[in-house]
Amino acid sequence: MMISLGLKFRTSKLRDRHWLILYGLILASWMILFGLHVSAADLNGIRTYGFDYFLEICAIGPEQSSFLIVFGMWTAMAAAMMLPGFVPALGTYEGFLESGIGSQSGFLQLVGGYLGAWIAFSFAAASLQFVLQWGSADLLSSDGAYREFWLAALFAVAGAYQFLPLKNNCLDKCRHPFAVFFEHWGGERWNAMFIGFRLGLYCVGCCWALMTLALAGGVVSVAWMGIGTLLMTIEKFDRVGRLISKPLGIALLAVAFKIATMGA
(Lines give C-alpha, C1' and ligand atoms only; values in the text may rest on other atoms or scores of the structure.)
Protein backbone atom coordinates (compact mmCIF):
# COMPACT_ATOMS: atom_id res chain seq x y z
CA MET A 1 0.00 0.00 0.00
CA MET A 2 1.37 3.37 -1.01
CA ILE A 3 1.77 6.09 1.61
CA SER A 4 0.30 9.44 0.75
CA LEU A 5 2.93 12.17 0.43
CA GLY A 6 0.50 14.48 2.14
CA LEU A 7 0.46 12.47 5.36
CA LYS A 8 1.47 14.85 8.14
CA PHE A 9 3.07 14.24 11.50
CA ARG A 10 0.33 14.24 14.09
CA THR A 11 0.62 14.38 17.84
CA SER A 12 -1.51 11.75 19.49
CA LYS A 13 -4.07 12.69 22.10
CA LEU A 14 -2.31 10.09 24.27
CA ARG A 15 -5.55 8.44 25.25
CA ASP A 16 -5.47 5.21 23.24
CA ARG A 17 -4.41 1.84 24.60
CA HIS A 18 -1.16 1.65 22.63
CA TRP A 19 0.02 4.97 24.08
CA LEU A 20 -0.88 3.84 27.59
CA ILE A 21 1.21 0.70 27.06
CA LEU A 22 4.15 2.79 25.83
CA TYR A 23 4.19 5.14 28.80
CA GLY A 24 3.55 2.22 31.10
CA LEU A 25 6.77 0.64 29.77
CA ILE A 26 8.71 3.85 30.39
CA LEU A 27 7.35 4.20 33.91
CA ALA A 28 7.95 0.52 34.69
CA SER A 29 11.57 0.78 33.49
CA TRP A 30 12.28 3.70 35.81
CA MET A 31 10.55 1.97 38.71
CA ILE A 32 12.52 -1.26 38.15
CA LEU A 33 15.82 0.60 38.16
CA PHE A 34 14.96 2.60 41.24
CA GLY A 35 13.56 -0.44 43.04
CA LEU A 36 16.69 -2.49 42.36
CA HIS A 37 18.88 0.13 43.95
CA VAL A 38 16.95 1.62 46.83
CA SER A 39 15.99 -0.32 49.95
CA ALA A 40 14.10 0.89 53.04
CA ALA A 41 17.46 1.49 54.75
CA ASP A 42 18.57 3.55 51.74
CA LEU A 43 15.44 5.68 51.96
CA ASN A 44 16.25 6.41 55.60
CA GLY A 45 19.81 7.30 54.55
CA ILE A 46 18.51 9.69 51.90
CA ARG A 47 16.36 11.46 54.49
CA THR A 48 19.31 11.66 56.90
CA TYR A 49 22.24 12.48 54.59
CA GLY A 50 20.57 14.11 51.60
CA PHE A 51 21.23 14.05 47.85
CA ASP A 52 24.89 12.97 48.02
CA TYR A 53 23.83 9.74 49.66
CA PHE A 54 21.21 9.25 46.92
CA LEU A 55 23.87 9.55 44.22
CA GLU A 56 26.10 7.06 45.99
CA ILE A 57 23.48 4.32 46.21
CA CYS A 58 22.23 4.81 42.65
CA ALA A 59 25.10 2.91 41.05
CA ILE A 60 25.86 -0.77 41.01
CA GLY A 61 28.88 -2.58 39.66
CA PRO A 62 29.11 -5.99 38.01
CA GLU A 63 30.92 -7.45 41.01
CA GLN A 64 27.61 -7.11 42.87
CA SER A 65 25.46 -8.90 40.31
CA SER A 66 25.31 -11.74 37.82
CA PHE A 67 25.60 -11.05 34.10
CA LEU A 68 21.85 -11.53 33.63
CA ILE A 69 21.06 -8.87 36.24
CA VAL A 70 23.52 -6.40 34.72
CA PHE A 71 22.13 -7.14 31.24
CA GLY A 72 18.63 -6.58 32.62
CA MET A 73 19.72 -3.26 34.12
CA TRP A 74 21.17 -2.12 30.81
CA THR A 75 17.94 -3.14 29.05
CA ALA A 76 15.77 -1.29 31.57
CA MET A 77 18.06 1.73 31.31
CA ALA A 78 17.82 1.72 27.50
CA ALA A 79 14.02 1.52 27.64
CA ALA A 80 13.77 4.28 30.25
CA MET A 81 16.17 6.61 28.42
CA MET A 82 15.41 5.94 24.75
CA LEU A 83 11.66 5.37 24.51
CA PRO A 84 10.87 9.07 25.20
CA GLY A 85 12.97 10.02 22.16
CA PHE A 86 11.02 7.55 20.01
CA VAL A 87 7.75 9.44 20.45
CA PRO A 88 8.12 11.43 17.14
CA ALA A 89 8.36 8.18 15.17
CA LEU A 90 5.37 6.77 17.03
CA GLY A 91 3.51 10.00 16.35
CA THR A 92 4.17 9.44 12.65
CA TYR A 93 2.69 5.96 12.88
CA GLU A 94 -0.28 7.44 14.75
CA GLY A 95 -1.02 9.27 11.50
CA PHE A 96 -1.11 5.90 9.76
CA LEU A 97 -3.64 4.69 12.33
CA GLU A 98 -5.85 7.68 11.69
CA SER A 99 -5.59 7.07 7.93
CA GLY A 100 -6.56 3.43 8.29
CA ILE A 101 -3.29 1.96 6.98
CA GLY A 102 -1.84 1.16 10.40
CA SER A 103 -3.02 -0.86 13.37
CA GLN A 104 -2.61 -0.89 17.12
CA SER A 105 -0.72 -4.19 16.86
CA GLY A 106 1.58 -2.52 14.32
CA PHE A 107 2.18 0.30 16.80
CA LEU A 108 3.29 -2.24 19.41
CA GLN A 109 5.39 -4.08 16.80
CA LEU A 110 7.13 -0.77 16.08
CA VAL A 111 7.96 -0.36 19.77
CA GLY A 112 9.10 -3.99 19.98
CA GLY A 113 11.42 -3.67 16.99
CA TYR A 114 12.90 -0.45 18.35
CA LEU A 115 13.52 -2.04 21.74
CA GLY A 116 15.03 -5.07 19.99
CA ALA A 117 17.86 -2.91 18.65
CA TRP A 118 18.50 -1.49 22.13
CA ILE A 119 18.34 -4.94 23.74
CA ALA A 120 21.13 -6.01 21.37
CA PHE A 121 23.10 -2.92 22.41
CA SER A 122 22.41 -3.71 26.09
CA PHE A 123 23.80 -7.23 25.67
CA ALA A 124 26.96 -5.83 24.08
CA ALA A 125 27.32 -3.16 26.78
CA ALA A 126 26.85 -5.67 29.61
CA SER A 127 29.37 -8.01 27.99
CA LEU A 128 31.88 -5.18 27.61
CA GLN A 129 31.35 -4.23 31.25
CA PHE A 130 32.28 -7.71 32.40
CA VAL A 131 35.26 -7.97 30.05
CA LEU A 132 36.63 -4.66 31.34
CA GLN A 133 35.88 -5.58 34.94
CA TRP A 134 37.51 -9.00 34.91
CA GLY A 135 39.91 -8.77 31.97
CA SER A 136 43.62 -8.14 32.13
CA ALA A 137 43.41 -4.55 30.85
CA ASP A 138 42.65 -3.20 34.34
CA LEU A 139 40.40 -0.51 32.90
CA LEU A 140 37.84 -0.52 35.70
CA SER A 141 38.07 -0.14 39.44
CA SER A 142 36.43 -2.63 41.78
CA ASP A 143 33.13 -0.70 41.80
CA GLY A 144 32.78 -0.86 38.02
CA ALA A 145 33.82 2.75 37.33
CA TYR A 146 36.51 3.66 34.83
CA ARG A 147 39.97 4.55 36.08
CA GLU A 148 40.96 8.17 35.51
CA PHE A 149 42.82 7.81 32.18
CA TRP A 150 40.15 5.65 30.61
CA LEU A 151 37.39 7.87 31.97
CA ALA A 152 38.96 10.80 30.12
CA ALA A 153 39.14 8.67 26.97
CA LEU A 154 35.46 7.74 27.37
CA PHE A 155 34.39 11.39 27.48
CA ALA A 156 36.76 12.26 24.62
CA VAL A 157 35.25 9.59 22.36
CA ALA A 158 31.71 10.70 23.23
CA GLY A 159 32.63 14.33 22.57
CA ALA A 160 34.42 13.67 19.28
CA TYR A 161 31.57 11.47 18.04
CA GLN A 162 29.23 14.47 18.24
CA PHE A 163 31.05 15.96 15.23
CA LEU A 164 31.23 12.87 13.00
CA PRO A 165 29.04 12.52 9.87
CA LEU A 166 27.83 9.10 11.04
CA LYS A 167 26.38 10.68 14.19
CA ASN A 168 24.66 13.41 12.20
CA ASN A 169 23.31 11.02 9.55
CA CYS A 170 21.79 8.71 12.17
CA LEU A 171 20.42 11.67 14.11
CA ASP A 172 18.74 13.03 10.97
CA LYS A 173 16.91 9.71 10.56
CA CYS A 174 15.71 9.98 14.16
CA ARG A 175 14.60 13.57 13.63
CA HIS A 176 12.76 12.76 10.38
CA PRO A 177 11.36 9.24 10.80
CA PHE A 178 8.75 9.71 8.06
CA ALA A 179 11.45 9.24 5.42
CA VAL A 180 12.25 5.80 6.87
CA PHE A 181 8.57 4.85 6.88
CA PHE A 182 8.11 6.04 3.30
CA GLU A 183 11.14 4.10 2.07
CA HIS A 184 10.43 0.80 3.82
CA TRP A 185 6.66 0.64 4.32
CA GLY A 186 4.97 -2.39 2.75
CA GLY A 187 2.19 -4.88 3.23
CA GLU A 188 4.34 -7.71 4.56
CA ARG A 189 3.66 -9.25 7.94
CA TRP A 190 5.82 -7.78 10.74
CA ASN A 191 6.75 -4.85 8.49
CA ALA A 192 6.21 -2.40 11.36
CA MET A 193 8.56 -4.41 13.58
CA PHE A 194 11.31 -4.34 10.97
CA ILE A 195 10.88 -0.59 10.55
CA GLY A 196 11.05 -0.20 14.33
CA PHE A 197 14.24 -2.24 14.43
CA ARG A 198 15.75 -0.12 11.64
CA LEU A 199 14.83 3.07 13.48
CA GLY A 200 16.32 1.55 16.63
CA LEU A 201 19.59 0.93 14.81
CA TYR A 202 19.68 4.56 13.70
CA CYS A 203 19.02 5.59 17.30
CA VAL A 204 21.83 3.34 18.56
CA GLY A 205 24.04 4.88 15.88
CA CYS A 206 23.43 8.41 17.15
CA CYS A 207 23.34 7.73 20.90
CA TRP A 208 25.67 4.80 21.70
CA ALA A 209 28.59 7.05 22.72
CA LEU A 210 26.44 9.08 25.12
CA MET A 211 24.90 5.89 26.51
CA THR A 212 28.32 4.45 27.33
CA LEU A 213 28.91 7.40 29.67
CA ALA A 214 26.68 5.46 32.06
CA LEU A 215 29.80 3.37 32.65
CA ALA A 216 31.57 6.40 34.08
CA GLY A 217 30.15 5.83 37.53
CA GLY A 218 29.24 2.16 37.36
CA VAL A 219 26.74 0.13 35.36
CA VAL A 220 23.71 2.26 36.20
CA SER A 221 23.74 5.82 37.49
CA VAL A 222 20.27 7.24 38.06
CA ALA A 223 21.71 10.76 38.08
CA TRP A 224 23.27 10.25 34.63
CA MET A 225 20.09 8.60 33.36
CA GLY A 226 18.06 11.70 34.10
CA ILE A 227 20.58 14.05 32.46
CA GLY A 228 21.22 11.70 29.54
CA THR A 229 17.52 11.19 28.84
CA LEU A 230 16.98 14.94 28.70
CA LEU A 231 19.96 15.57 26.41
CA MET A 232 19.28 12.70 24.00
CA THR A 233 15.58 13.55 23.77
CA ILE A 234 16.27 17.23 23.06
CA GLU A 235 18.85 16.25 20.41
CA LYS A 236 16.10 14.51 18.46
CA PHE A 237 14.12 17.73 18.06
CA ASP A 238 15.05 19.32 14.77
CA ARG A 239 15.69 22.99 15.63
CA VAL A 240 16.70 22.79 19.28
CA GLY A 241 18.67 19.59 18.72
CA ARG A 242 20.86 21.21 16.09
CA LEU A 243 21.65 24.01 18.53
CA ILE A 244 22.89 21.75 21.33
CA SER A 245 24.59 18.89 19.46
CA LYS A 246 27.97 20.49 18.80
CA PRO A 247 28.11 22.52 22.06
CA LEU A 248 27.46 19.23 23.85
CA GLY A 249 30.44 17.73 22.01
CA ILE A 250 32.64 20.66 23.07
CA ALA A 251 31.47 20.28 26.69
CA LEU A 252 32.29 16.56 26.69
CA LEU A 253 35.75 17.21 25.26
CA ALA A 254 36.31 19.87 27.93
CA VAL A 255 35.35 17.34 30.63
CA ALA A 256 37.77 14.84 29.09
CA PHE A 257 40.57 17.43 29.14
CA LYS A 258 39.79 18.36 32.74
CA ILE A 259 39.90 14.74 33.87
CA ALA A 260 43.11 14.05 31.94
CA THR A 261 44.90 17.03 33.51
CA MET A 262 43.67 16.53 37.07
CA GLY A 263 46.60 14.32 37.99
CA ALA A 264 49.15 16.35 36.05
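Please refer to the structure placed before this passage.
Enquirer: How should the environment of Met232 be read in this particular structure?
Expert: Looking at the element boundaries, Met232 is found in helix H11 (residues 222–235). Using a relative accessible area of 1% as the deciding quantity, one classes Met232 as buried. With 150 residues separating them along the chain, Met232 and Met82 place their C-alpha atoms 7.8 Å apart. Residue contacts for Met232: discarding those within four places in its chain leaves Met81, Met82, Cys207, Leu210 and Met211.

Enquirer: It is not clear to me how the packing of helix H5 (residues 87–99) against helix H9 (residues 177–184) should be interpreted in this structure. Could you clarify?
Expert: Geometrically, a packed helix pair is captured by the angle between its two axes and the distance between the axes. The contact between H5 and H9 brings their axes to 9 Å, and the two run at 50°. Looking at the two axes, H5 sits oblique to H9. In this structure, the crossing between H5 and H9 has a hand that is right-handed. Contacts between H5 and H9 pair Pro88, Ala89, Thr92, Tyr93 and Phe96 from the former with Pro177, Phe178 and Phe181 from the latter. Its residues assigned to classes, the contact of H5 with H9 comprises seven nonpolar, one polar and no charged.

Enquirer: I keep staring at the nonpolar core and nothing clicks. Help me out?
Expert: Nonpolar side chains tend toward joint burial in soluble globular proteins. The biggest cluster of nonpolar side chains holds 59 residues, and the ones touching the most others in it are Met82, Trp118, Phe181 and Met211. Broken down by element, this core gets its largest block of residues, 11 residues, from helix H6 (residues 104–134).

The rules behind these values
- Residues numbered from 1 in each chain as written.
- Predicted model: local features only at pLDDT ≥ 70, side-chain atom pairs only at ≥ 80, totals over all residues.
- Heavy atoms only, no water.
- Helix = DSSP H or I, 4+ residues; strand = E, 2+ residues; numbered from the N terminus.
- Buried < 20%, exposed > 50% of the residue type's maximum accessible area, 1.4 Å probe, protein only.
- Contact = heavy atoms within 4.5 Å.
- Axes fitted to C-alpha atoms, helices over the stretch in contact; angles between N-to-C directions.
- Parallel < 35°, antiparallel > 145°, perpendicular 65-115°, else oblique.
- Left-handed = near helix turned anticlockwise from the far one by under 90°.
- Nonpolar A, V, L, I, M, F, W, Y, C, P; charged D, E, K, R; others polar.
- Core = buried A, V, L, I, M, F, W, Y, C linked by side-chain atoms within 4.5 Å.

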